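# Observations on the model geometry
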Amino acid sequence: MSGKRGRIAGIVLLVFLFSLPFIMPRFYVYMTSIILLTGLLATSLNFVLGYGGVFQFHHCVFYGAGAYGTALMLTKGGFPLWISFIVGPIVAALLGLIMGIICVRLSKLYFGMLQISLGSLVWVIVYRWYSFTGGDDGIHGISMPDIISSYRNAYYFTLIISLLCLYVMYRMVKSPFGSALQGIRDNPIRSEMIGINVRHHQVMALTIAGFFAGVAGALFVVVDNTVFPDMLFWTLSLETVIMCLVGGWFTFLGPMLGTAVIIALRTFVSTYTVYWALVLGIIMVFVIFFLPTGILGYIEEKLNKKMIEPVIEE
């Protein structure tokens, strides 16, 4: 019954998402597009943080690399969107590979600290290179092909690409590679003893996560037609970590749920008060004390408990 209800809920959600541009104002369509691509970013982080146990504290550097790679190919190179959209994530994946090879020799907090340093270096380059990246002004008014120039078409493009990427990542999590990654997360020493190349798997996971973060960045260019250096700054990475924690970082769709909660609250709370950071802090305290496994993790625990109890009684 749980699986059947889950499929029904999924179908209802998909119907709602595909019909959204026809039943909601433009602002909510834009906000949903941002939730989808940011949720993809958070899910790619959860791929290495929640399932791989890698302390990825500056994940948004790949998000920004994908966005800038796509934007620069469009504006400086004059390439078509379809080529630029592929190049952006590839640039992010290559950056993830390079940073992974450098950082994977360390573990836990030391890995995270070194990655923050390298990511900040990339941010400084983008922030200061005015002649190429536009510096702190960023790049604005990026033109899109007519097929996705309207907000509805941009939304559908974002929705379809996000769903495809989520499906691919889900299959990876359920594959032998995903199982090995979770084994490394739980006990890297034992995993290495049974023949798993720990560093090789971690570098591969970082490269894959970098690629999908780059896809999210390229989607932002499609939706917003702009890029700016703050997309690579560490504060956005911290916010993405919070999204994973709120939704449930040991669940696949938890980061997507956490993204929807955080963006919706930020959008509507900021209309009433400027103290959005205070509200976010209260939410984090509540989650840490009462929902340590996140919203979706808590729901899954309750559902599993209800399914197990009748079996035990029998």
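Data block above holds the structure.
Residues numbered from 1 in each chain as written. Predicted model: local features only at pLDDT ≥ 70, side-chain atom pairs only at ≥ 80, totals over all residues. Heavy atoms only, no water.

### A closer look at helix 4 (residues 81-103)
In a regular helix each residue adds 1.5 Å, so 23 residues correspond to 33 Å; helix 4 covers 33 Å between its end C-alpha atoms and thus fits that length. By the burial criterion, the buried members of helix 4 are Leu81, Ser84, Phe85, Gly88, Pro89, Ala92, Ala93, Leu95, Gly96, Met99, Gly100 and Cys103. Its buried side turned inward, helix 4 meets helix 3 (60-75), helix 5 (108-128), helix 7 (151-173) and helix 10 (198-224). (Helix = DSSP H or I, 4+ residues; strand = E, 2+ residues; numbered from the N terminus. Expected span 1.5 Å × (residues − 1). Buried < 20%, exposed > 50% of the residue type's maximum accessible area, 1.4 Å probe, protein only. Contact = heavy atoms within 4.5 Å.)

### Re the environment of glycine 214
Counting through the fold element by element, glycine 214 comes out in helix 10. On the accessibility criterion, glycine 214 (0% relative accessible area) is buried. As for glycine 214 and arginine 171, which are separated by 43 residues in sequence, their C-alpha atoms are 19 Å apart. Setting aside residues up to four positions removed in sequence, glycine 214 forms contacts with Phe62, Gly66, Pro89 and Ala92.

### Considering the environment of leucine 291
With respect to the helices and strands, the residue leucine 291 is situated in the loop between helix 13 (276-290) and helix 14 (294-313). Look at leucine 291 and you get buried, because its relative accessible area is 14%.

### Focus on the packing of aromatic side chains
Summed over all chains, the structure comprises 18 aromatic pairs. A centroid spacing of 4.9 Å and a plane angle of 45 degrees characterise the contact between tryptophan 249 and phenylalanine 250, whose relative ring orientation is tilted. With relative accessibility at 24%, the residue tryptophan 249 sits in the partly exposed group. (Phe/Tyr/Trp six-rings, centres within 6.5 Å; stacked < 30°, edge-to-face > 60°.)

### Some remarks on helix 13
The terminal C-alpha atoms of helix 13 lie 21 Å apart, and with 15 residues this matches the ideal 21 Å at 1.5 Å per residue to within 8%. Among the residues making up helix 13, those that are buried are Trp276, Leu280, Ile283, Met284 and Val287. Down the axis of helix 13, the sector holding all buried residues measures 100 degrees, keeping them to one side. Those residues of helix 13 that are exposed and aimed more than 90 degrees away from the buried face are Leu278, Ile282, Phe289 and Phe290. (Arc of directions from axis to C-beta.)

### Focus: the packing of helix 3 against helix 10
It is at 6 Å that the axes of helix 3 and helix 10 come closest, and there the two elements cross at 50 degrees. One element, helix 3, and the other, helix 10, form an angle in the oblique class. Judged by the sense of rotation from one axis to the other, the crossing of helix 3 with helix 10 is right-handed. Two secondary-structure elements touch here, helix 3 through Phe62, Tyr63, Gly66, Ala67, Thr70, Ala71 and Leu74 and helix 10 through Gly210, Ala213, Gly214, Ala216, Gly217, Ala218, Phe220 and Val221. Partitioned by chemical class, the residues of the contact of helix 3 with helix 10 number 10 nonpolar, five polar and no charged. (Axes fitted to C-alpha atoms, helices over the stretch in contact; angles between N-to-C directions. Parallel < 35°, antiparallel > 145°, perpendicular 65-115°, else oblique. Left-handed = near helix turned anticlockwise from the far one by under 90°. Nonpolar A, V, L, I, M, F, W, Y, C, P; charged D, E, K, R; others polar.)

### A short note on the pattern of salt bridges
A full pass over the atoms with the stated rule returns two salt bridges. Ionic pairing is found between aspartate 186 and arginine 185, a salt bridge with its closest N-O pair at 3.0 Å. We classify aspartate 186 as exposed; its relative accessible area is 56%. Arginine 266 is the partner of glutamate 239 in a salt bridge, and the nearest nitrogen-oxygen pair spans 2.4 Å. (Salt bridge = Lys/Arg side-chain N within 4 Å of Asp/Glu carboxyl O.)

### Section: unusual backbone geometry
Positive phi values are uncommon outside glycine, yet asparagine 225 reaches one of about 60 degrees. For asparagine 225, the position within the fold is in the loop between helix 10 and helix 11 (234-247). According to the relative accessible area criterion, asparagine 225 is partly exposed, its value standing at 25%.

### Comments concerning the side chain of threonine 133
When you line up the elements, threonine 133 lands in helix 6 (residues 130-133). A polar atom in the side chain of threonine 133 sits 2.6 Å from the backbone oxygen of valine 126. Within the structure, the side chain of threonine 133 is placed 2.8 Å from the backbone oxygen of tryptophan 129, a separation counted as a polar contact. Once you skip the residues sitting within four places of it in the chain, threonine 133 turns out to touch Tyr68, Leu72, Val126, Gly138 and Ile139. (Polar contact = N/O pair within 3.5 Å; in protein donor to acceptor, adjacent residues only side chain to side chain.)

### Considering a nonpolar patch on the surface
Taken together, Ile86, Ile90, Leu94, Leu97, Ile101 and Phe211 make up a surface patch of nonpolar side chains, about 500 Å² in accessible area. In terms of residue count, the dominant contributor to the nonpolar patch is helix 4 (five residues). With respect to the helices and strands, isoleucine 86 occurs in helix 4. (Patch = residues over 30% accessible without salt bridge, like charges linked within 9 Å, V, L, I, M, F, W, Y side chains within 5 Å. Areas by Shrake-Rupley, 256 points an atom, 1.4 Å probe, with all protein chains shown as cover.)

### With respect to the side chain of histidine 201
You can see histidine 201 is positioned in helix 10. For histidine 201, a relative accessible area of 15% puts it in the buried group. Here histidine 201 is in contact with Phe177, Ala180, Leu181, Ile184 and Ile196, once residues within four sequence places are set aside.

### Some words on the packing of helix 7 against helix 10
Each pair of packed helices can be summarised by the angle the axes make with each other and by the distance between the axes. Where helix 7 meets helix 10, the axes come as close as 10 Å, and the angle between the chain directions of the two elements is 170 degrees. One finds that helix 7 runs roughly antiparallel with respect to helix 10. In contact with Ala154, Phe157, Thr158, Ile161, Ser162, Cys165, Val168, Met169 and Met172 of helix 7, helix 10 contributes Ile208, Phe212, Val215, Leu219, Val222 and Val223. Each residue belonging to the contact of helix 7 with helix 10 can be placed in one class, and the counts come to 13 nonpolar, two polar and no charged.

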